[in-house]
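Working through the structure, step by step
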Amino acid sequence: MSLRPALFSSAAVLALVLSSAAAAQQARSFEPDERTTLSAGLHDAGQAAWNLQLEHAIEPPPGFFDPDALFSPRRWMEMQQAAEAAGEDEDNGEAAGPRFTPLALANTDLAFAGGRIFVGNYNGFNVYDANGEGAPELALSVVCPGGQGDVSVHGDLLFMSVEQNRGRLDCGTSGAEGDVNPERFRGVRIFDISDFSAPRQVAAVQTCRGSHTHTLLPHPSDPDILYIYNSGTSFVRETDELDICSAGQPDENPETALYSIDVIKVPLRAPEEAAIVNRPRIFADHETGEIAGLWSGGRFGVATQRTAQTNHCHDITVYPELGVAAGACSGNGILLDISDPENPARISELFDPDMAYWHSATFNNAGDVIVFTDEWGGGTAARCQAQDPTSWGANLIATLEDGELRGRSFFKLPTVQGETENCVAHNGSLVPVPGRDLMVQSWYQGGVTIMDFTDPDNPFEIAYFDRGPVDEDYLVVGGPWSSYWYNGRIYSSEITRGLDVLRLLPSEHLSPAEIAAAERVREDQVNPQTQTRIVWEDHPDVARAYLDQLARSEALEIRLAGQVRAELDRWEQGRVNTRTLARLSRQLSELAEEAEGRDAARLTELSGVLSRAG
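Residues numbered from 1 in each chain as written. Predicted model: local features only at pLDDT ≥ 70, side-chain atom pairs only at ≥ 80, totals over all residues. Heavy atoms only, no water.

Things to note about unusual backbone geometry
Glycine aside, the phi torsion of most residues is negative, and most peptide linkages are trans. So the rule is basically this: The way it works is that DSSP assigns letters per residue, a run of H or I at least four long becomes a helix, a run of E at least two long becomes a strand, and they are numbered from the N terminus. The cut-offs for exposure are 20% and 50% of the maximum accessible area for each residue type, with area from a 1.4 Å probe on protein chains only; residues under the lower value are buried, those over the upper are exposed, and the others partly exposed.
Here the residue pair Gly 147 and Gln 148 is connected by a cis peptide bond, since its omega of 0° sits within 30 degrees of zero. Inspection of the secondary structure puts Gln 148 in strand S7 (residues 148–154). Located in the positive-phi region is Asn 51, a residue other than glycine, with phi close to 65°. Note that Asn 51 resides in the loop between strand S1 (47–50) and strand S2 (52–58). The backbone phi angle of Tyr 259 is positive, close to 65°, even though this residue is not glycine. Within the secondary structure, Tyr 259 is located in the loop between strand S12 (225–231) and strand S13 (262–267). Here Tyr 259 falls in the buried class, since its relative accessible area comes to 2%.

A closer look at the packing of aromatic side chains
Heads up, the condition is: When the centres of two rings from Phe, Tyr and Trp lie within 6.5 Å, Trp using its six-membered ring, the rings pair. Their planes under 30 degrees apart give stacked, over 60 give edge-to-face, and anything left gives tilted.
A complete count under the given rule lists 17 aromatic pairs for this structure. Each ring, one from Trp 295 and one from Phe 351, has its centre 4.2 Å from the other, and the planes form 40°; the classification is tilted. Taken together, the residues span a long stretch of sequence, with Trp 295 in the loop between strand S14 (275–278) and strand S15 (298–299) and Phe 351 in the loop between strand S20 (345–350) and strand S21 (358–363) at a distance of 56 residues. The exposure class of Trp 295 is buried, given its relative accessible area of 10%. Centre to centre, the rings of Trp 358 and Phe 372 are 5.1 Å apart; their planes meet at 75°, and the pair counts as edge-to-face. Highlighted residues: Trp 358 in strand S21 and Phe 372 in strand S22 (residues 369–374), separated in sequence by 14 residues. Residue Trp 358 is classed as buried on the basis of its relative accessible area of 0%. Clustering of aromatic rings is evident, with ring pairs tying together Phe 112, Tyr 484, Tyr 486 and Tyr 491.

Considering the packing of helix H5 (residues 558–572) against helix H6 (residues 578–594)
Between two packed helices, what matters for the description is the angle formed by their axes and the separation of those axes. Using the following cut-off: Fitted lines through C-alpha atoms give the axes, limited to the stretch in contact for helices. The angle between two N-to-C directions lies from 0 to 180 degrees. Should the near helix be turned anticlockwise from the far one by less than a right angle, the crossing is termed left-handed; should it be turned clockwise, right-handed. The contact rule is simple, with two residues in contact once any of their heavy atoms fall within 4.5 Å.
It is at 11 Å that the axes of H5 and H6 come closest, and there the two elements cross at 140°. Handedness of the H5/H6 crossing: left-handed. Along its contact with H5, which presents Leu 560, Gln 563, Val 564 and Glu 567, the element H6 presents Thr 580, Leu 581, Arg 583, Leu 584, Gln 587, Leu 588 and Leu 591.

Remarks on H6
In plain terms, the rule: For a helix, the expected span equals 1.5 Å multiplied by the number of residues minus one. To obtain the arc, one takes the directions from the helix axis to the C-beta atoms.
The end-to-end C-alpha separation of H6 is 25 Å, in line with the 24 Å expected for 17 residues at 1.5 Å each. Every buried residue of H6 is listed here: Thr 580, Leu 581, Leu 584, Ser 585, Leu 588 and Ala 592. On an axial view of H6, the arc spanned by its buried residues comes to 135°, and they lie on one face. Facing away from the buried side of H6 by over 90 degrees, the exposed positions are Arg 579, Arg 586, Glu 590, Glu 593 and Glu 594. Where H6 is buried, its residues contact H5 and helix H7 (597–612).

Considering the sheet that holds strand S19 (residues 332–337)
Stated precisely, the cut-off is as follows: Strand pairing is assigned whenever DSSP detects at least two bridges linking the two strands.
A sheet is described by the order of its strands in space; here four strands give the open sequence S17-S18-S19-S20, paired in antiparallel fashion. Strands at the two margins of the open sheet, each flanked by one partner only, are strand S17 (315–319) and S20. Within the sheet, the average angular offset between the axes of one strand and its neighbour, ignoring direction, is 20°. Relative to S19, strand S18 (residues 324–329) runs antiparallel, the two being bridged by six bridges. What sits directly across from Ala 328, in S19, is Gly 333.

Description of the nonpolar core
When a protein is soluble and globular, its nonpolar side chains tend to lie buried together. As a reminder, the rule being used: Only buried residues count toward a nonpolar core, which is a set of Ala, Val, Leu, Ile, Met, Phe, Trp, Tyr and Cys residues joined through side-chain atoms within 4.5 Å.
In this structure, Tyr 229, Phe 283, Cys 313 and Ile 334 are the most contacted members of the largest nonpolar core, which totals 24 residues. Contributions of two or more residues to this core are made by S12, S17, S18 and S19. Element by element, the count of residues in this core is highest for S12, at three residues. Residues Ala 545, Leu 581, Leu 584 and Ala 592 belong to the second largest nonpolar core, which totals 22 residues.

Observations regarding the state of the cysteines
Using the following cut-off: Note on terminology: pairs of cysteine sulfur atoms within 2.5 Å are recorded as disulfides.
One pass over the structure, following the stated rule, counts four disulfides. Here Cys 144 pairs with Cys 171 through a disulfide, and the sulfurs are 2.0 Å apart. Because the sign of the S-S torsion sets the handedness, a value of about -65° for the bond joining Cys 144 and Cys 171 places this disulfide among the left-handed ones. Placement of the pair is Cys 144 in the loop between strand S6 (137–143) and S7 and Cys 171 in the loop between strand S8 (157–162) and strand S9 (187–192), with a sequence separation of 27 residues. Looking at Cys 144, the relative accessible area reads 0%, which means it is buried. In the protein, numbering the disulfide-bonded cysteines from first to last in sequence yields the connectivity 1-2, 3-4, 5-6, 7-8.

Side note on the side chain of Ser 409
Basically, it comes down to this: Two N or O atoms count as a polar contact when they lie within 3.5 Å, although within protein this holds only if one can serve as hydrogen donor and the other as acceptor, and sequence-adjacent residues are included solely when both atoms are side-chain atoms.
Along the chain, Ser 409 turns up in strand S24 (residues 404–411). Residue Ser 409 is classed as buried on the basis of its relative accessible area of 2%. A polar atom in the side chain of Ser 409 sits 2.5 Å from the backbone oxygen of Pro 456. When residues no more than four places from it in sequence are discounted, the contact partners of Ser 409 are Asn 395, Leu 396, Ile 397, Pro 456, Asp 457 and Pro 459.

Thoughts on the pairing of S12
Among the seven residues in S12, seven count as buried, and that is most of the element. What you see with S12 is no split at all: Ile 225, Tyr 227, Tyr 229 and Ser 231 on one side and Leu 226, Ile 228 and Asn 230 on the other are buried throughout. Where strand S11 (residues 213–218) and S12 come together, six bridges link them in antiparallel fashion. Each bridged residue has a counterpart across the sheet, and for His 214 the counterpart in S12 is Asn 230. Connecting S11 to the antiparallel partner S12 that follows it, the hairpin turn spans six residues. By the bridge criterion, six bridges tie S12 to S13 in an arrangement that is antiparallel. Pairing of Asn 230 across the sheet is with Asp 262, part of S13.

Structure representation (structure tokens):
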């Protein structure tokens, strides 16, 4: 499907005029499929799968599930209103309000290290050991409420985001009452997990807007220094509680805590000394220096949706090897130069009127394409219904051209979901198939999907897994929060249902060799917002993956492809013929010089693998 490219940069926003006819082109919708009418249920909902298989579904551990904590926005509001009404009318007695705050026990983001899966939660975090042959086993549960609970891991340290006002320094469950409370904690917790049976909080870095998400950035030359880029999205706390904080718009308060991120420096030999070292004004106008220099929020035109003001980042993804970061920053997508980690500098920005809230960013392996997600509706609304535009609540795929971001296309979950299913684009990561750009991604109760964005102008779906809604009558927030690839499997944190483990199945879109090549990629530590370059070993599976792709695009003559396959079989059997492989490598290299685009790159990579065999 061809969608209107998003070609708007914030520098040119005011000069653009969007016609109603152009906007109306976005109001197309998808056709229902088997995912549309799945039966409801908590652990017995109907399921649909295409080219993915659910291997394990692990229910939440004790202390991280309560049926009363399931969050239905409508029911929660009704209970609040009833409790308020009872308080005003003594004759009614007292009506009980909600027992839990929204998403109080929701599973959130994931991190991976040493074959373990770290699952963030609004109530703390859980760790599962996936080193065995069967289902991952619960290895550790830590109760430490405060939301949002996103986690990252570096060596023996675990980092956790805390944003809600209820968070306490001591991880207590009683909450922190009042407008000002010295026991309140909002920021980034740091745990020492060197003794895995007894993790210790060794630092708690207070921030003005809490920590919604955070990103780890190793120092480029000093292995003993780690930086954290912290993104706070909540209200600014009182100055009397944290003296570096004050609120307001910059025309009234130039020192406002809005319009910045936090850069936290962590000395790894003394993590208890972690502290904020900068709050850079990455949204400033380059010419005037005005700190509110990007999108001011609101509607761009009569046919567009309301968009967020750019005064914070929701998520920042760094690519240290390239010295850049992509920020999904509420009203804009931005590109940062992070060669000086303490002083990130904006080098490009992107605006699109169809993006309500820029939420997260993922680079392709080459670093020249970025997938930005739009969390239209905040993740608690049904935004994949038949009447919803295909460019709202979708992925915006952008390319980097001469250092500038350029929007190319939209991709939205290509199915219809019901009014009781919260559904919108959310967190994902690359699937390491050589020669292609594939991304596995969560869509809340839209399920898990895999998108091929090798051609950034024409992304398409190649696999999915989905369940029916949690509740048949009410929208109860659930579904996959994050879905990431790690060492041969897809791990998905299901908000209400626990942890899912999925594996790829061969299909017309993905050959056995392509899956085998992806499964050969092994990494000890993965924090998805800290992207590292994927490197494939020289192996017959990797060579066959390139060969299958060239066959799919009909870029290689059948006879030559057959010769290559025969030699790959001999290589796998330990009978390497280096002379024949060298000859085939030269032929492929010559063909690469005449080919274009990805096929040229695949021919070059295949040639290289053959030349190094043996």
